[in-house]
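Inside the fold
Below, each chain spelled out in residue letters.
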Amino acid sequence: MSHKPYTGAAGGWGALASTAKHLVKSENVAKNVKRLLKTNQDHGFDCPGCAWGEKGQRATFRFCENGAKAVNWEASSKRVNADFFAEHSVSWLAKQSDYFLEYQGRLAEPVVYNQQSDHYQAISWDQAFALIAQHLHQLDSPNQAEFYTSGRASNEAAFLYQLFARRFGTNNFPDCSNMCHEASGHALISSIGIGKGTVTIEDFELADAIFLFGQNPGTNHPRMLETLAHATHRGAKVVAFNNLKERGLERFANPQKPVEMLSGGSSPTTSHYFTPKLGGDMAAVRGMVKVLLSRHQQAQLQGQAVFDMAFIDKHTQGLEAYLVEVEQTPWRKIVEQSGLSQVQIEAAADLYQQSDRVIIAWAMGITQHKHSVATIHEMTNLQLLFGQIGRQGAGVCPVRGHSNVQGDRTMGINEKPNAAFLQSIEQVFGFTPPHKPGHNVVQAIEAMLNGRSKVFIGLGGNLVAAAPDTQLSEQALANCELTVSIATKLNRTHVTPGKQALILPCLGRTDVDSQVSGPQQVTVEDSFSMVHGSAGVVDENTEHMRSEPAIVAGIAHATLGQSPIDWLSVVDDYARIRDLIEKTIPGFQQFNQRIEQPGGFYLGNSARNRQWNTAIGKALITTCSLPEDIVSASVRALTDNRIFVLQTLRSHDQYNTTIYGFEDRYRGIYNERKILLLNPQDISELGFNDGDLVDIETLWPDDIERRVLAFKLVSYDIPTGNAAAYFPEANPLVPLASKGDYSDTPTSKSVAVMISATVLSKQQITTHQV
């Protein structure tokens, strides 16, 4: 491993060089350059990466470095077929790295696992569908099947998938959103009546201040950097609260601006930067409110107000109880838990109060804690106190990850569907869907572990690499009678098969999808509730792959026949699927006509219109206490040794569980993934040096040992007492039972750990690293 601090801006020549390198690696350079020009364009395909939206007229280049990596990765000319699986046993493949597995290329034909030989072998599509139907029919209850979904599934595929599973009889929809923004949905629904952000991309052009919490756009949604740089350029205040110092939150060189590139210039992406402790964001916001409440009380003495009392009186409920809680929260606790001084918090409150229009945006640095829902309530409370919801240039903005994770939820991928959606399903399709809540990801893993669930079907994704408590997650899948993976590339989940297993190769976002009526387009929904079409452009060597809608329809037809629809007929022309969506889900009137509009169409947002679809008919100002401690008393009681709070995060060369390479350029880390970021003072106090190898052990009150070995220490600008490591390598440290209140999201951003010198010898370290 080499560690050399990166001195450049985010984007710039580094991004162009990285893009070029990955173009070469794809072995399809000329064709992939042409394909990139179709990314995020009208009559092109939606980027298979993040869900950041587009503004106005689409430029010639509408992809970022990581989007280019995603396109190159998917449009690889390399193929994984039955001959590959004949050569490599599953046991051997399971010992290889995640990078190795996906680098082998696109899955080319359906295969079935032979437990006796420990190899996958070829199977026909009809045989595969029949095998799935056989296992589903053998279940004692439909609730013994788990229907997992990745955020990359299109609206059309997701709608058919949920319709199939509900007609089969279950609401078991563990979904990738359960592991990321579930807390956002729960908090926003309970407070403002809708689980989506209230802003549009145009609001970022109007905001006086943009507060960013727990997100690293330079790696996770790089197209946001241009939006932030433009905001700072026009004078808006962009205020970052992030545990680590991240280059993308400091400055950005736009590869599409020749003058900036040639001059070596860059633009700041933030005007102010605060680094709270892990889990301390709620305390920081509580401190801001405490400052602003004091000023409001002083203003009231003179017949004035700091809060927007007209908005509060008309549109909210719960103010009095909340303000009592704020007053009773001591500054000592706010400062201790946030890791920020009172002076810093007062400065942040100044920035907020001086701004007429404020956007608060957040990502998984907020949503993967035990008190994530309470934290999002706290941020929403702040916005409600100032009437910052339902105003142009203002609002709340959970920044989603995968390009259609929000659309999948809109389509009904939800283990707790609301009554209106179920009633609509019954009216349109003539059957009574199940009303009992199904399983989320954590519940599904628990059910597979104890044998209550026996069949797992994954519409995309890589559950084993994404889920917490890796060994338990692997065992959960191994317990199943059948595991089914619908996927584009080989991944960790495929080499953790059930007693029987299928890998079904699907078309990707970049591929031409031809059905009986001709080439098809699918649709996706971005973070700003914009729905638009996506049509692939790659049409080579995909003859044994099928589209996700076609695969779902094939499974449904084999299992249910023509109930409640003619499954095979609707995939002849995806416009027929969209007609069904239009009949079922509000906001999709004239669906097929509106996706032809440049840029698609806006679904709308009730809270943006100040229509509060809550039980009380108003926005709820929610009262929550700060957590007693980020590390619970029961965990602290387990040891007298020093405890660190660990977060898992991505490197710059990965997207979710996909590892594109071994560079984390903006953090200055190269050729290594088993690293532990730690404050230099903590490294010294532990008696270590930068580059030493350490073992990391989780503290959790059960009898399971969770330990990872031989991670390399890297000095980094991070608060003392906090640590960071990449996932999926650090996922074995995240206890399955450690989950968010109300959301059940794994607490991957607040894991209590101990750090010690590695127990491995030099020879063992070499073997372990291989």
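These figures come from a predicted structure and were not determined experimentally.

Calculation notes
- Residues numbered from 1 in each chain as written.
- Predicted model: local features only at pLDDT ≥ 70, side-chain atom pairs only at ≥ 80, totals over all residues.
- Heavy atoms only, no water.
- Helix = DSSP H or I, 4+ residues; strand = E, 2+ residues; numbered from the N terminus.
- Buried < 20%, exposed > 50% of the residue type's maximum accessible area, 1.4 Å probe, protein only.
- Areas by Shrake-Rupley, 256 points an atom, 1.4 Å probe, with all protein chains shown as cover.
- pLDDT = per-residue confidence, 0-100.
- Contact = heavy atoms within 4.5 Å.
- Core = buried A, V, L, I, M, F, W, Y, C linked by side-chain atoms within 4.5 Å.
- Polar contact = N/O pair within 3.5 Å; in protein donor to acceptor, adjacent residues only side chain to side chain.
- Expected span 1.5 Å × (residues − 1).
- Pairing = 2+ DSSP bridges.
- Axes fitted to C-alpha atoms, helices over the stretch in contact; angles between N-to-C directions.
- Salt bridge = Lys/Arg side-chain N within 4 Å of Asp/Glu carboxyl O.

Once that is clear, we can look at the overall build of the protein. A tally of helices and strands in the protein yields 31 helices and 34 strands. Here the protein holds 770 residues, and 64% of them are scored as buried. Roughly 27600 Å² of accessible area belongs to the protein as shown, and the carbon and sulfur atoms make up 49% of that amount.

Okay, the confidence of the model for the protein next. Mean pLDDT over the protein works out to 91, with 89% of the residues at or above the 70 mark. Within the model, the stretch residues 57-61 combines pLDDT values under 50 with 12 contacts to residues more than four positions away or in other chains. Scored below 50 in pLDDT, residues 259-263 shows 12 contacts in the model against residues more than four places distant or in partner chains.

Bringing the nonpolar core into the picture now. Across soluble globular proteins, you tend to see nonpolar side chains buried next to one another. Within the largest apolar cluster, 59 residues are counted, with the highest numbers of intra-cluster contacts made by Ile 132, Leu 136, Phe 147, Leu 502, Leu 504 and Phe 588. Residue contacts for Leu 502: discarding those within four places in its chain leaves Val 111, Val 112, Ile 123, Ala 128, Leu 131, Ile 132, Thr 483, Val 484 and Ser 485. By size, the runner-up hydrophobic cluster in this structure holds 56 residues, among which are Tyr 352, Met 379, Ala 607 and Trp 612.

Attention now moves to the environment of Arg 409. In this fold, Arg 409 is placed in helix α20 (residues 405-410). With 250 residues separating them along the chain, Arg 409 and Phe 159 place their C-alpha atoms 9.5 Å apart. Beyond its immediate sequence surroundings of up to four residues, Arg 409 is in contact with Asp 175, Ser 177, Asn 178, Glu 182, Asn 414 and Glu 415. A polar contact of 3.2 Å, which involves the side chain of Arg 409, links it to the side chain of Glu 182.

Moving on, we come to helix α8 (residues 155-168). In this model α8 runs 20 Å from its N-terminal to its C-terminal C-alpha over 14 residues, within 8% of the 20 Å that 1.5 Å per residue would give. Along α8, 13 of the 14 residues are buried, which leaves the element largely enclosed by surrounding structure. One or two residues past the end of α8 sits Gly 169, with phi positive at roughly 125 degrees.

The subject of this paragraph is the sheet that holds strand β30 (residues 675-678). Strand pairs in the sheet, formed through backbone hydrogen bonds, run parallel or antiparallel to each other. Read once around its circumference, the closed barrel built from six strands follows the order β25-β33-β30-β32-β31-β34, with strand pairing classed as mixed. Adjacent strand axes in the sheet meet at a mean angle of 45 degrees when their direction is disregarded.

Moving on to the pattern of salt bridges. Scanning the model with the defined rule gives 25 salt bridges in all. Notably, a salt bridge pairs Arg 578 with Glu 156, separated by 3.0 Å at the nearest N-O pair. Placement of Arg 578 in helix α27 (residues 574-584) and of Glu 156 in helix α8 is noted, with a sequence separation of 422 residues between them. Glu 156 carries the same exposure label as Arg 578, and that label is buried. Measuring nitrogen to oxygen at the nearest pair gives 3.7 Å for the salt bridge that ties Arg 391 to Asp 308. Remark: Asp 308 occurs in the loop between α13 (281-300) and α14 (309-315) and Arg 391 occurs in the loop between α19 (372-385) and β15 (395-398); sequence separation between them is 83 residues. Through salt bridges that share partners, Asp 175, Glu 182 and Arg 409 make up one connected network.

So, about unusual backbone geometry. Keep in mind that most residues, glycine aside, have a negative phi and that most peptide bonds are trans. Note the cis peptide between Ser 563 and Pro 564, where omega equals -5 degrees. Locating Pro 564 in the fold gives a position in the loop between α25 (548-560) and α26 (567-570). Residue Pro 728 follows Phe 727 across a cis peptide bond; omega there is 10 degrees. In this structure, Pro 728 sits in the loop between β33 (722-726) and β34 (751-757). At Ala 710, a position not held by glycine, the phi torsion is positive, near 60 degrees. Mapped onto the elements of the fold, Ala 710 is located in strand β32 (residues 707-715). Its relative accessible area of 1% is what places Ala 710 among the buried residues.

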